[in-house]
Amino acid sequence: MAPKRQSSLLPQTKKPRLPPAPKLQETSTSQHLPKGEKEQQEAIEHIDEVQNEIDRLNEQASEEIVKVEQKYNKLRQPFFQKRSELIAKIPNFWVTTFVNHPQVSALLGEEDEEALHYLTRVEVTELEDIKSGYRIDFYFDENPYFENKVLSKEFHLNESGDPSSKSTEIKWKSGKDLTKRSSQTQNKASRKRQHEEPESFFTWFTDHSDAGADELGEVIKDDIWPNPLQYYLVPDMDDEEGEGEEDDDDDDEEEELEDIDEEGDEDEGEDEDDDEGEEREEDEGEDD
């Protein structure tokens, strides 16, 4: 599985630092501290100086990491484009990928899956400076649910570091708004667990309540987008379970046959004992 990267939306928070210890020459009382306390005070001052250097290096590292990310983002673009062209040749690639992903499938109702059968392309684009956000684009064929050809959701960090998001307004066709339905049919992915139908996958486009902790956006950007093929190729668990059940049936049949054979052998042994007993009786009768 492709390694997950830390979200570019989450600001890097610094560890809380203690206020600088008062300089010895600035306090009249510190000059009269006992030797042990005076050494602790000096140690705190030196720790603070060292911590300042660590923070300076961390900031410098962050700047260099951003430059490296920008460089390799540009290098990856031609390969992402080539991959999208190849994926377009595989029917239902993206809906299969989403259904096979454990976190995304939990958000999909049956009608969501039907709508996602018209999804032809997914693209994730990180903004130029990497740190300020990203955009996810979903491209759809003509479908019976909505008019849009592209649905997008963007995530941003403003200058103060607060996250926000915005998305395309979905132009639903008459009677097809999946976000307003309250169907209690079973979710295909959780049918065995007898869960009720979840909220529609498409409510994600209207939910901007907590852009800094958007789980679905992070999963698509950091887990699915780097390597969607690994989820498309996940075997169907129902098929695997079915094969397992068939194997169990075969094993049961073999055990039954073995039991029958053993019973047959026991019966044959009993018949032989009876024949031997009869022969002995006949021989004794002739001697008499």
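Please read these numbers as outputs of a predicted model, since none were measured by experiment.

Even after reading the chapter, I still don't get the packing of aromatic side chains, so can you show me in this structure?
The description of an aromatic ring pair rests on the distance of the ring centres and on the angle between the ring planes. Within this structure, the stated rule accounts for 19 aromatic pairs. An angle of 85° between the planes, with centres 5.6 Å apart, marks the rings of F146 and W172 as edge-to-face. In this pair, F146 sits in the loop between β2 (133-140) and β3 (150-157) while W172 sits in the loop between β4 (163-167) and α5 (215-224), placing the two residues 26 residues apart along the sequence. Ring geometry for F201 and W204: centres 6.4 Å apart, planes at 35°, overall tilted. Across the pair, exposure class does not vary: F201 and W204 are buried alike. Cation over ring: R83 sits above W225, and NZ or CZ is 4.6 Å from the ring centre. The ring of Y139 carries the charged tip of R121 above its face, separated from the ring centre by 3.8 Å.

What should I look at first to understand the nonpolar core in this one?
One broad rule of soluble globular proteins: the nonpolar side chains tend to lie buried together. In terms of nonpolar packing, the biggest core is built from 34 residues, with F98, L116, F138 and F202 touching the most fellow members. For this core, the secondary-structure elements that each account for two or more residues are α1 (35-87), α2 (93-100), α4 (110-116), β1 (119-126), β2, β3 and α5. Leave out the neighbours within four places in its chain, and F202 touches D112, A115, L116, F140, F146, L151, I170, W172, L178 and T179.

Can you help me understand the pattern of salt bridges in this one?
Opposite charge on two side chains lets them pair, provided their charged atoms get close. This structure, assessed with the given rule, holds nine salt bridges. Notably, a salt bridge pairs E53 with R56, separated by 3.1 Å at the nearest N-O pair. Taken together, the positions of E53 and R56, both in helix α1 and three residues apart, correspond to about one turn of that helix. For E53, a relative accessible area of 41% corresponds to the partly exposed category. Residue R56 is classed as partly exposed on the basis of its relative accessible area of 43%. Of the charged contacts in the structure, one is a salt bridge between K153 and D214, with a shortest N-O distance of 3.1 Å. In this pair, K153 is assigned in strand β3 and D214 in the loop between β4 and α5, connecting sequence segments 61 residues apart. For the pair shown, K153 and D214 are each scored as buried. Bridged by salt links that share partners, the residues E142, K149 and K173 form one connected network.

Could you clarify how one ought to interpret the environment of P226 in this entry?
Structurally, P226 can be placed in the loop between α5 and α6 (229-232). P226 sits 146 residues away from F80 along the chain, and the two C-alpha atoms are 9.1 Å apart.

For this particular structure, what's the right way to read the sheet that holds β4?
The strands that make up a sheet are held in pairs by hydrogen bonds between backbone atoms, and each pair lies either parallel or antiparallel. A sheet is described by the order of its strands in space; here four strands give the open sequence β1-β2-β3-β4, paired in antiparallel fashion. Two strands close off the open sheet at either side, each with one partner strand: β1 and β4. The average undirected angle you get between the axes of adjacent strands in this sheet is 10°. The pairing of β2 with β3 spans seven bridges and is antiparallel. Its bridge partner lying in β3, Y139 is registered against V150. Sheet contacts for α2: β1 and β2; angle to β1, the most-contacted strand, approximately 70°.

The rules behind these values
- Residues numbered from 1 in each chain as written.
- Predicted model: local features only at pLDDT ≥ 70, side-chain atom pairs only at ≥ 80, totals over all residues.
- Heavy atoms only, no water.
- Phe/Tyr/Trp six-rings, centres within 6.5 Å; stacked < 30°, edge-to-face > 60°.
- Helix = DSSP H or I, 4+ residues; strand = E, 2+ residues; numbered from the N terminus.
- Buried < 20%, exposed > 50% of the residue type's maximum accessible area, 1.4 Å probe, protein only.
- Lys NZ or Arg CZ within 6 Å of the ring centre and 35° of its normal.
- Core = buried A, V, L, I, M, F, W, Y, C linked by side-chain atoms within 4.5 Å.
- Contact = heavy atoms within 4.5 Å.
- Salt bridge = Lys/Arg side-chain N within 4 Å of Asp/Glu carboxyl O.
- Pairing = 2+ DSSP bridges.
- Axes fitted to C-alpha atoms, helices over the stretch in contact; angles between N-to-C directions.

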